[in-house]
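Residue strings, one per chain:
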Amino acid sequence: MKSLRNYSIPFTGLKLGKHQFEFVVTDAFFSEFEYSLVKKANLKCQVDLDKQETMLILNFQITGTIDTNCDRCLAQYPLPVDIKEQQIAKFSEEEIDEDEEIINLSKNDHEINIAGLIYEYINVALPFTSVCDDEGNTPYCDKEMLESLNKLSANTEQDETTDPRWEALKKFK
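Basis of the calculations
- Residues numbered from 1 in each chain as written.
- Predicted model: local features only at pLDDT ≥ 70, side-chain atom pairs only at ≥ 80, totals over all residues.
- Heavy atoms only, no water.
- Helix = DSSP H or I, 4+ residues; strand = E, 2+ residues; numbered from the N terminus.
- Contact = heavy atoms within 4.5 Å.
- Areas by Shrake-Rupley, 256 points an atom, 1.4 Å probe, with all protein chains shown as cover.
- Core = buried A, V, L, I, M, F, W, Y, C linked by side-chain atoms within 4.5 Å.
- Buried < 20%, exposed > 50% of the residue type's maximum accessible area, 1.4 Å probe, protein only.
- Lys, Arg positive; Asp, Glu negative; His and termini not counted.
- Salt bridge = Lys/Arg side-chain N within 4 Å of Asp/Glu carboxyl O.
- Polar contact = N/O pair within 3.5 Å; in protein donor to acceptor, adjacent residues only side chain to side chain.
- Pairing = 2+ DSSP bridges.
- Axes fitted to C-alpha atoms, helices over the stretch in contact; angles between N-to-C directions.
- pLDDT = per-residue confidence, 0-100.

Remarks on the overall build of the protein
Next up, step 1: The helix and strand inventory of the protein stands at three helices and seven strands.
Next up, step 2: In the protein, the order of α-helices and β-strands from amino to carboxyl end is β-β-α-β-β-β-β-β-α-α.
Next up, step 3: Intrachain contacts of the protein at a sequence separation of at least 6 include 57% that bridge at least 24 residues.
Next up, step 4: With an accessible surface of roughly 12,300 Å², the protein has 50% of that area assigned to carbon and sulfur atoms.

Listed below in structure tokens is the structure:
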């Protein structure tokens, strides 16, 4: 978890206004999370921090590629990502309702660790089913697997003979 300390932004000495921070997110970042869906990535995370009197506004832009497996041919391919998110952190001693998406910072806090936010934004941006854009025409595609799948899908035609036990139910329309 020590490498995640690199993803902290010290805000105590910053003047009011906008500040930019840049982080590199690679395989080492995801190895810190035990059950991470992402294992390999080459990402750049740019954080625009707007420090105000009572809050911090963090605008994230994460770009790059994530190595993922195609759900169709099972080959590994680079998935391009371009993620834009915003997070608000308020300076307050009172607890904020957990339903709100606002981070509470006390007067004892001197920095904000954004590793968890980066991890969450990347994992939420992953598609539910991952298939490359131009199936079969990229250098990453497993053409043998795609041919096998196409052969199997062509042989799945089944004759439409119905079970005679169901014939009695058709009368109840």
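A word on the nonpolar core
Next up, step 1: Core analysis: the largest hydrophobic core is formed by 32 residues, its most contacted members being Phe29, Ile114, Ile118 and Ile122.
Next up, step 2: Put simply, the parts of the chain that give this core at least two residues each are β2 (17-25), α1 (27-31), β3 (40-51), β4 (55-69), β5 (76-91) and α2 (115-125).
Next up, step 3: The element contributing the most residues to this core is α2, with six residues.
Next up, step 4: Ignoring anything within four residues of it in the chain, the contact list for Phe29 reads Leu4, Tyr7, Ala115, Ile118 and Tyr119.
Next up, step 5: Grouped together as the second largest cluster of nonpolar side chains are eight residues, Cys73, Tyr77, Cys132 and Cys141 included.

A short note on the environment of Val38
Next up, step 1: Mapped onto the fold, Val38 is located in the loop between α1 and β3.
Next up, step 2: In this structure the C-alpha to C-alpha distance between Val38 and Ile122, which are 84 residues apart in sequence, comes to 8.6 Å.

Topic: the side chain of Lys51
Next up, step 1: Inspection of the secondary structure puts Lys51 in strand β3.
Next up, step 2: Glu53 provides the closest opposite charge to the buried, salt-bridge-free Lys51, at an N-O distance of 8.7 Å.
Next up, step 3: Polar side-chain contacts of Lys51 include one of 2.9 Å to the backbone oxygen of Phe11.
Next up, step 4: At 2.9 Å, the side chain of Lys51 forms a polar contact with the backbone oxygen of Leu14.
Next up, step 5: Contacts of Lys51, omitting those with residues within four sequence positions, involve Phe11, Thr12, Leu14, Lys15, Leu16, Gly17 and Leu56.

What to know about the sheet that holds β3
Next up, step 1: Here we have five strands laid out as an open sheet, ordered β2-β3-β4-β5-β6, and mixed in their pairing. Each edge of the sheet is formed by a strand with only one pairing partner; in this case those strands are β2 and β6 (102-105). Sheet twist, expressed as the mean angle between neighbouring strand axes with direction ignored, is 20°.
Next up, step 2: Across 15 bridges, β4 lies against β5 in antiparallel orientation. Residue pairing in the sheet places Asn69 in a bridge with Gln76 of β5.

With respect to the confidence of the model for the protein
Caution applies to low-pLDDT parts of the model: their predicted coordinates are not meant to be read in detail.
Next up, step 1: Residues of the protein with pLDDT of at least 70 account for 87%, and the chain-wide mean is 85.
Next up, step 2: Per-residue pLDDT, averaged within each element of the protein, yields its smallest value for helix α3 (residues 143-154) (73) and its largest for β3 (96).

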